[in-house]
Amino acid sequence: MFFYHPYRYVNHPNFYGVIQNDQNVYLERNNGGKCQQIFNAILDAIKGEAAAIDFYTRLVQFAPNKKHREDILHALEDEKIHLKEFTKLYTDLTGKKPIYQVKKNTFQSYEEGLRKAYEDELEAYEDYRDSYLLTQNPPVRDVFLRAFTDEIEHATRFGFLILGLY
C-alpha cells in the first residue's frame, strides 16, 4: 500500500521511502544492500553534524576577532540546517527517529580547534560526496549535495582562518 501524501513514509514490503509531490520517490529495499548503506550514511551524517554543532559552539567562544567568530558561526548555522535536513530524511525514509550520541571533539588551543575543524570538514565533504554517488534518488541526493558543497566551503574558510593566525 502507498500513501499519496507529501513527505509521508512508504510502508510497503518491497520499498522504503517517501512520497513527494504525488510522485513515487522511494528507495528499493532489495537493491544489493545499497538501501542499508544509504540509511547508515544518513545516520553517520546526523552524528557528524551533531558533533560539529557541539564543537563549533565551543570553538566560537575562543575566536580572537569578529571575522573568526563570523566564519565559525556561519559554519555552525549551516551544520544546524544539515542536521535538520538529514534527520528529516532519515525519519521519512525509515519511519523512525534517529538514535545517536553526540561525540565530543576536544582541543587544547584555538589553533588546534581550527585545524581539527578544517580536517573534519574535508572528511565530511568526501563522505557526503561518496554518499551522494550511492543513489539516484533525487531527495536523498539533494540533501547530500547541499551538505558536501557547504562542507568544502567551511574547510576553505577554516583554512584561511588558520593562515590568518600567522
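Computed from a predicted model, the values in this text were never measured in an experiment. (Residues numbered from 1 in each chain as written. Predicted model: local features only at pLDDT ≥ 70, side-chain atom pairs only at ≥ 80, totals over all residues. Heavy atoms only, no water.)

A. Looking closely at the overall build of the chain. Helices and strands together make up the secondary structure of the chain, namely four helices and three strands. In sequence order, the secondary structure elements of the chain are arranged as β-β-β-α-α-α-α. Split into buried and exposed, the 166 residues of the chain put 43% on the buried side. Within the structure as shown, the chain displays about 9300 Å² of accessible surface, and the carbon and sulfur contribution to it stands at 52%. (Helix = DSSP H or I, 4+ residues; strand = E, 2+ residues; numbered from the N terminus. Buried < 20%, exposed > 50% of the residue type's maximum accessible area, 1.4 Å probe, protein only. Areas by Shrake-Rupley, 256 points an atom, 1.4 Å probe, with all protein chains shown as cover.)

B. Examining the nonpolar core more closely. Ranked by internal contacts, the top residues of the largest apolar core, which has 39 residues, are Ile42, Tyr56, Ile72, Phe86 and Phe144. Among the secondary structure elements, those contributing two or more residues to this core are helix H1 (34-59), helix H2 (66-94), helix H3 (110-132) and helix H4 (138-164). It is H1 that provides the largest number of residues to this core, a total of 14 residues. (Core = buried A, V, L, I, M, F, W, Y, C linked by side-chain atoms within 4.5 Å.)

C. Spatial organisation of the packing of aromatic side chains. Tallying each qualifying case throughout the model produces nine aromatic pairs. Pairing Phe55 with Tyr56 gives two aromatic rings, centres 5.4 Å apart and planes at 40 degrees, and the pair type is tilted. Side by side, Phe55 and Tyr56 carry an identical accessibility label, which is buried. Between Tyr125 and Phe148, the ring centres sit 5.7 Å apart and the planes meet at 70 degrees, which makes this aromatic pair edge-to-face. Of this pair, Tyr125 sits in helix H3 while Phe148 sits in helix H4, and the two are 23 residues apart along the sequence. Taking NZ or CZ as reference, Arg141 lies 3.8 Å from the ring centre of Tyr132, over its face. (Phe/Tyr/Trp six-rings, centres within 6.5 Å; stacked < 30°, edge-to-face > 60°. Lys NZ or Arg CZ within 6 Å of the ring centre and 35° of its normal.)

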